[in-house]
Amino acid sequence: MTVAINCEETGKKLQEVFPGSVISTGKADIVVDANKLLEVAGYLKNTAGLDFDYLTFVTAVDFLDYMEIVYRLVSLKHNQSLILKTRCYDRENPVVPSVVSLWRAAYYQEREIFDLFGIKFDGHPDMRRLLLWEGFVGHPLRRDYL
Amino acid sequence: MEIIRPPVFTPQEADLAEGQLINSFYAQCTSQIPDPDRWLEEKLQRNLLLTTVDTAIAWARQRSIFPLMFGLACCAFEMIGMAASRFDVSRFGMDIFRWSPRQADLMIVAGTVTWKMAPAIRMVYDQMPEPKWVIAMGACAVSGGTFRESYSVVPGINHILPVDVYIPGCPPRPEGLIYGITQLHAKMIKGTIDNPNLSLK
Amino acid sequence: MTIRTEPFYLNIGPQHPSTHGVFRLRVTLDGEVVVGLEPIIGYLHRGIEKLAETRTYTQNIPFTDRLDYLSSMTNNLAYCMAVEKVGAVKVPERAEYLRIIFSEIMRISSHMMAVGFFLNDLGAMMTPVLYMWREREKIMDMFEMVCGQRLLYNYMRVGGVSQDLPEAFMPAVKKFLAEMPRYIDEYDQLLAQNEILLARSKGVGVLSRDTAIAIGASGPVLRASGVKWDIRKMDPYSIYDRFDFEVPTGDSGDCYDRYWVRMLEIRQSVRILEQAIAQIPAKGPICADVPQFFRPPRGEAYGYVEAPKGNIGFYIVSDGSIAPYRVHIYPPTLINITALQDMVMGWKVADLIIIFGSIDVVLGEIDR
């Protein structure tokens, strides 16, 4: 049974290793600061005992004050799962570091988030629109797109 | 207001009237009515069929349509189902689904059309030689369907191409698609050589 | 005399017989050998995620049918599970059995289509497709008996299913299951040791185990590469833990393994169906008491199932109103083609077509 890991404990461990990275931990998710995202993700992937080597989905949700990017990580070896979130407060020019170097599964999903929300991923080798055509004006899945 | 009712006969009166009609037929129809093509020779009568050139060519066109496989989404699978052995469309002569538009004369647009795909559809339509017909199959091709309000869906294929037959349904059953094709046959038989689509130009 | 060569760019365009839908590939060729590949998608992007924010939870279920239109029941199930997780709805027993029965029948139908069109790409024109269509018509008759539709069912509801079984359904399913092993044996006799299939697909388009995990593949593509990850066993949803079945895996991750894993999964689905039909309670409620305008509490949930093509999942964020705040659809086939360039590099154009066919994509799911 894929168990969601205990987010409080993991949050505390992450806070020890990378001070200032964890913003909050919920019942099933950990919210991390966007600047420390790559280090935290690398730690989650490579540490024995956590071993989150399988990335399921990457998506974004537009709460009007901020945009939240959600990652779901699964460890095939230990049969555990974790939801990692990060927030982006800038609406004009949102930039978030890309995790493509760690998990190739994010390749198309980050391009799709750029297409539909406008969030640029720093470090992605090919940041272009995926589903809509070149020259489409706007980012449709934002809440203020009509 | 006076309500006018038609006269109602009792069963005996109806029988008497019918008997009078049969008697009059028996008295009048004594000799044979000659055949309409009696002016032809006997041998030719058995081997010739007389019609107009337009009807003959329209009949040939309607009974051997080469459809173009243009399945875009879910309706494509009901189109393949129509071509499969249960609903067998090859009894209508539409056996071979052509893949190249240059060899086809009917384009069945089956599925949702998006603005990104629209130039490709127009290019394929332009590559088809005359005479050509278009069937819009499914709610999405007819009017945009469930996705009509979306930012990227064309609200009906007739924004891009002229359409001859619209087949509603989501997806339409293969029987529905065959009914649409028979409607197209009924339209084709009225066409002439130089105006097969019954258009005004 | 030196001959100068230069790479050739080929566009395998959106309208093409073998692209299984409106999929476009920009291929860089050196002669006939593929040296580069770029998939271009979005020709069927209908904006379902945006439209789903303006419809109620139950009105979104027909949208989920149209994603992977060859296996609509599993899409419905994933969405309903996600909404039930957000709203903490308990599904009655008979409804759980009905859901599993229809998911497994759907799996048989979808895998037969996948294998049939894979062989179509190999060149065996329409023969395997029409053989397998014979069974699929029987399956579609069964579905039509229950919910009135042949292709896009809209059968599951939040909290159960929408209609109960008519009387003629159980005898039809039992007859189908009694005949099915004989039909699968017939396909195996024609296909499993077929020389052309072996020569063209063994060793072709290998997806290694590490690449498969790195790209987040799922479904038969992942299992054919040797990773034994099936959500029905690893993270059982609904009542899959009551059934006894195996998870077939392949060893090398080539096209033949992906085809063979699908044929074995059809056999396992028949096994699960026989057990489910024996265990289903004869009477009972088929849907929980959920109001028409369902207002789940604020929160979010991810509901996912083992669909025939991978792990389809729905991430739903709810803000307490009658429509979801955000619905994200996780498309397994889009993730499975992330490694298409790795699999095809060095092979010829004809092999590219069958490698793409063996991944079994449906464009409705990739583009949403």
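Residues numbered from 1 in each chain as written. Chains lettered and ligands numbered in written order. Predicted model: local features only at pLDDT ≥ 70, side-chain atom pairs only at ≥ 80, totals over all residues.

### Focus on the overall build of chain A
Item 1. A count of helices and strands for chain A gives 3 helices and 8 strands.
Item 2. Moving toward the C terminus, one meets the helices and strands of chain A in the order β-α-β-β-α-β-β-β-β-α-β.
Item 3. Taken over C-alpha atoms, the radius of gyration comes to 15 Å for chain A, in line with the 15 Å a tight globule of 146 residues would show.
Item 4. In terms of overall dimensions, chain A has C-alpha extents of about 45 × 30 × 25 Å along its principal axes.
Item 5. Per-residue burial for chain A yields a buried fraction of 40% across its 146 residues. (Helix = DSSP H or I, 4+ residues; strand = E, 2+ residues; numbered from the N terminus. Rg over C-alpha atoms; globule rule 2.2 N^0.38 Å. Buried ≥ 20, exposed ≤ 12 C-beta atoms within 10 Å, placed from the backbone.)

### Considerations on the packing of helix α5 (residues 127–147) of chain C against helix α6 (residues 169–191) of chain C
Helix packing geometry: the angle between the two helix axes and the distance between the axes.
Residue and element names in this part refer to chain C.
Item 1. One way to put it is that α5 packs onto α6 with a least axis distance of 11 Å and a crossing angle of 165°. In terms of orientation, α5 lies roughly antiparallel with respect to α6. When you trace α5 past α6, the crossing you get is left-handed. Residues Glu135, Lys138, Met142, Met145 and Val146 of α5 pack against Phe169, Ala172, Val173, Phe176 and Tyr183 of α6. (Axes fitted to C-alpha atoms, helices over the stretch in contact; angles between N-to-C directions. Parallel < 35°, antiparallel > 145°, perpendicular 65-115°, else oblique. Left-handed = near helix turned anticlockwise from the far one by under 90°. Contact = placed C-beta atoms within 7 Å.)

### Some details on the sheet that holds strand β3 (residues 133–137) of chain B
Residues and elements named next belong to chain B.
Item 1. Strand order in this open sheet of 4 strands is β1-β2-β3-β4, and the pairing throughout is parallel. Both outer strands of the open sheet, β1 (67–71) and β4 (165–167), are each paired with one neighbouring strand and no more. Strand-to-strand twist in this sheet, taken as the mean axis angle between neighbours without regard to direction, amounts to 15°.
Item 2. Relative to β3, strand β2 (residues 106–110) is paired through 5 bridges, and the arrangement is parallel. Note on β3: the bridge partner recorded for Ala110 is Met137.
Item 3. Seen against the sheet, helix α4 (residues 75–83) touches β1, β2 and β3 and runs at an angle of roughly 135° to β2. (Pairing = 2+ DSSP bridges.)

### Describing the interface of chain B and chain C
Item 1. Across the contact, 27 residues belong to chain B and 24 residues belong to chain C.
Item 2. The set of elements that each furnish at least two residues to the side of chain B that touches chain C consists of β1, α4 and α5 (118–127) of chain B.
Item 3. For the side of chain B that touches chain C, the per-class residue count stands at 16 nonpolar, 6 polar and 5 charged. (Nonpolar A, V, L, I, M, F, W, Y, C, P; charged D, E, K, R; others polar.)

### Details of unusual backbone geometry
Item 1. In this model, Glu130(B) is joined to Pro131(B) through a cis peptide bond whose omega is -10°.
Item 2. Among the secondary structure elements, Pro131(B) is positioned in the loop between α5 and β3.
Item 3. Residue Pro171(B) follows Cys170(B) across a cis peptide bond; omega there is -15°.
Item 4. Along the polypeptide, Pro171(B) turns up in the loop between β4 and α7 (174–188).
Item 5. Of note, the phi angle at Ser238(C) is positive, near 55°, even though the residue is not glycine.
Item 6. Along the chain, Ser238(C) turns up in the loop between α10 (231–234) and α11 (255–279).
Item 7. Residue classification places Ser238(C) among the partly exposed positions, given that 17 C-beta atoms sit within 10 Å.

### Digging into the packing of α6(C) against α11(C)
All names here are of chain C.
Item 1. Axis separation between α6 and α11 bottoms out at 11 Å; the angle between their running directions is 165°. By the angle between their directions, the pair α6 and α11 is classed as roughly antiparallel. The crossing of α6 and α11 is left-handed. Where α6 approaches α11, its residues Val173, Lys174, Leu177, Met180, Pro181, Ile184 and Asp188 are matched on the opposing element by Met263, Ile266, Arg267, Val270, Leu273, Glu274 and Ile277.

### Structural notes on α5(C)
All names here are of chain C.
Item 1. Compared with the 30 Å implied by 1.5 Å per residue over 21 residues, the 30 Å span of α5 between its first and last C-alpha is a close match.
Item 2. At Arg134, α5 shows its strongest bend, of approximately 30°.
Item 3. Those residues of α5 that sit buried are Pro128, Val129, Met132, Trp133, Arg136 and Phe143.
Item 4. On its buried side, α5 packs onto α4 (93–122). (Expected span 1.5 Å × (residues − 1). Bend = angle between axes of the 7 residues up to and from the residue.)

### Let's talk about helix α3 (residues 106–117) of chain A
Residues and elements named next belong to chain A.
Item 1. Between its terminal C-alpha atoms α3 stretches 16 Å, which fits the 16 Å expected from 12 residues at 1.5 Å a residue.
Item 2. Most of α3 sits inside the fold, with 11 of its 12 residues counted as buried.
Item 3. Of all the residues in α3, the buried ones are Ala106, Tyr107, Tyr108, Gln109, Glu110, Glu112, Ile113, Phe114, Asp115, Leu116 and Phe117.
Item 4. Phi turns positive, to about 90°, at Gly118, one or two residues after α3.

### Considering the confidence of the model for chain A
Item 1. Mean pLDDT over chain A works out to 86, with 100% of the residues at or above the 70 mark.
Item 2. Predicted confidence in chain A is weakest over strand β1 (residues 3–4) of chain A, with a mean pLDDT of 75, and strongest over α3(A), with 91. (pLDDT = per-residue confidence, 0-100.)

### Things to note about the pairing of strand β2 (residues 24–30) of chain C
Looking along a regular strand, one sees the side chains alternate between the two faces of the sheet.
Residues and elements named next belong to chain C.
Item 1. Examined bridge by bridge, strand β1 (residues 8–12) and β2 share 5 bridges and lie antiparallel to one another. Counted as the bridge partner of Asn11 is Arg26 from β2.
Item 2. Of the strand pairs in this sheet, β2 and strand β3 (residues 33–40) are connected by 7 bridges, and their pairing is antiparallel. By the bridge assignment, Leu29 is partnered in β3 with Val34.
Item 3. Counted between consecutive antiparallel strands, the loop separating β2 from β3 contains 2 residues, among which Gly31 sits at a positive phi close to 80°.

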